Amino acid sequence: MKVMLAGFIAALVIAALAPPVLNQFGWSSAEQYKSESVRLD
Amino acid sequence: MNFKLLGAAVFALATLISNPVWAQDAQSVDRSATGGAQTLEDIMARQKQLEVDDSFRSENLGNPADAPPISGPLGTQGGSSVADDYRAIRYNKADASTQVRGPAADVMIQDGGMSWLKLREGPVITYGGSAILGMIILLTIFYFVRGKMRIEGGPAGTTIERFKAIERFGHWLLAGSFIALALTGLLTLMGRSFLIPIIGHEAFSPLAIGSKWLHNNIAWAFMLGLVLTFVMWVAHNIPNKLDWQWLKAGGGIVGNAHPSAKKFNAGQKIVFWTVMILGVSVSWSGLSLLFPFEFLMFADTFAIINSILGTDLPTVLAPHEEMQLGNIWHSIVAFVMMVAIIAHIYIGSVGMEGAFEAMGNGQVDVEWARQHHDLWVEEVQAKQGKGESS
């Protein structure tokens, strides 16, 4: 049962770590389309 | 490849996702009275959801050769009128430019969205939800008819290691994330229809936002679990002649036979390959939804299907249509997986005595193992006799 709990907790930890890790690679969709990236010239 | 089987699968899918009414064509309309513009018959045909040939509008985008001279009265807009320009926008044929950065920003109108919404809110929810409920009802009936599968003669009292800790970790990483994905996915798909009327918009909003966050991010755990379990178990899941004998004997689920099996029996192999194949498909379509317009795959897939089956699926799709198809496909595959996994959960818990321990603490009763995986027990005992680990 400990391993089962470890699996569940690991899934949640991965979920929590995913956004900052993806952001490191510039893979955040929020980052990609934010207004600063729009050039009006 | 079994083309008949593939054709049947595509036909079944097409039947599932298409509204029979759509297959009917509207009768040809005489538009001379409106100078070629749409008529009341066109509008009424669309209201009846009949297939209307829109080429009289989509192809009517003006002609530069018809442009009056620049010196003419009121000048000229060129060969197209304002109505022509709006039609070009409407049918995504306008030569648009935009300051907005990002993929598909120059698509101003894409009316596939309504078909997608109707499909998503209609058949996908209806058939998908019915399949899940149907499986639960079927298993409940089966449980009361067949009863729990007991260890014949009772447990031996001694145990044997069925799965190592790393195998169980991979399984529960995959299972835990799948359950979270299934619940949050169902909430995202059906919440508007079923939860908002009960709990209201205010209560549903944080639930939906939380579900979206969890669904998007726990997907990585699911993909990691998929890779882990594939690497650990693929060698044990290669189909062989033994599987056919197991299936012919009903796997012992129907009847009281105990057909021979190695580490995984045919039923478990079916679950394994279902999870792997559909898991890859649901992951890939999920990635295409996570990173919009980055993984456009349906036009290419349709081209391959057309070349094999001679079908006439569209091979030119707007970026938004790719996303809409990705969303529908993601839902359909997820529903099939959920139905299969509900059956898997049943047999691994209440359906069979001694089965849960295999993934619970990794130790199973020797008698249970002999009855369900006799050849595996022999292999393990032979290895232990030689001083090797299982």
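Quick note: structure is the one above.
It should be emphasised that the depicted structure is a prediction, and the values quoted were computed from it without experimental measurement. (Residues numbered from 1 in each chain as written. Chains lettered and ligands numbered in written order. Predicted model: local features only at pLDDT ≥ 70, side-chain atom pairs only at ≥ 80, totals over all residues. Heavy atoms only, no water.)

What about the side chain of B:Lys263?
Residue and element names in this part refer to chain B. Put simply, the rule reads: What counts as a helix is a DSSP run of H or I of at least four residues, what counts as a strand is a run of E of at least two, and both are numbered from the N terminus. The buried label applies to any residue whose accessible area, calculated with a 1.4 Å probe on protein chains only, is under 20% of its type's maximum; exposed applies above 50%, and partly exposed to all values in between. The contact criterion used throughout is that any non-hydrogen atoms of two residues lie within 4.5 Å.
Position of Lys263 relative to the elements: it lies in the loop between α7 (241-248) and α8 (266-290). With relative accessibility at 9%, the residue Lys263 sits in the buried group. Not counting residues up to four positions away in its chain, the partners in contact with Lys263 are Arg162, Phe163, Glu167, His236, Gln268, His373 and Trp376.

Overview of the packing of helix α1 (residues 2-24) of chain A against helix α6 (residues 165-233) of chain B
The condition is simple: Geometry is summarised by axes, namely lines fitted to C-alpha atoms with helices restricted to the contacting stretch, and by angles between N-to-C directions that run from 0 to 180 degrees. Roughly parallel here means an angle under 35 degrees, roughly antiparallel means over 145, roughly perpendicular means 65 to 115, and every remaining angle is called oblique. Three classes are used, and their members are as follows: Ala, Val, Leu, Ile, Met, Phe, Trp, Tyr, Cys and Pro are nonpolar, Asp, Glu, Lys and Arg are charged, and the others, Gly among them, are polar.
Axis separation between α1(A) and α6(B) bottoms out at 8 Å; the angle between their running directions is 70°. Considering their axes alone, α1(A) and α6(B) lie roughly perpendicular with respect to each other. For the contact of α1(A) with α6(B), the class distribution of residues is 23 nonpolar, four polar and one charged.

A word on the interface of chain B and chain A
How big an interface is tends to be reported as the loss of accessible area on association of its parts. The following threshold applies: Any N or O atom pair separated by 3.5 Å or less is treated as a polar contact, with the protein-specific requirement of one donor-capable and one acceptor-capable atom, and with residues adjacent in sequence counted only for side-chain atom pairs.
If you look at the interface, chain B gives 24 residues, while chain A gives 22 residues. If you look at where chain B meets chain A, you find one residue pair in polar contact (both at pLDDT 80 or more). Those elements that provide at least two residues to the side of chain B that touches chain A are α6 and α11 (356-360) of chain B. For the side of chain B that touches chain A, the residue count by class is 14 nonpolar, seven polar and three charged.

Side note on the side chain of B:Asn217
Looking at the secondary structure, you find B:Asn217 in helix α6. What B:Asn217 contacts, discounting residues up to four positions off in sequence, is A:Ile14, A:Ala15, A:Ala18 and A:Pro19.

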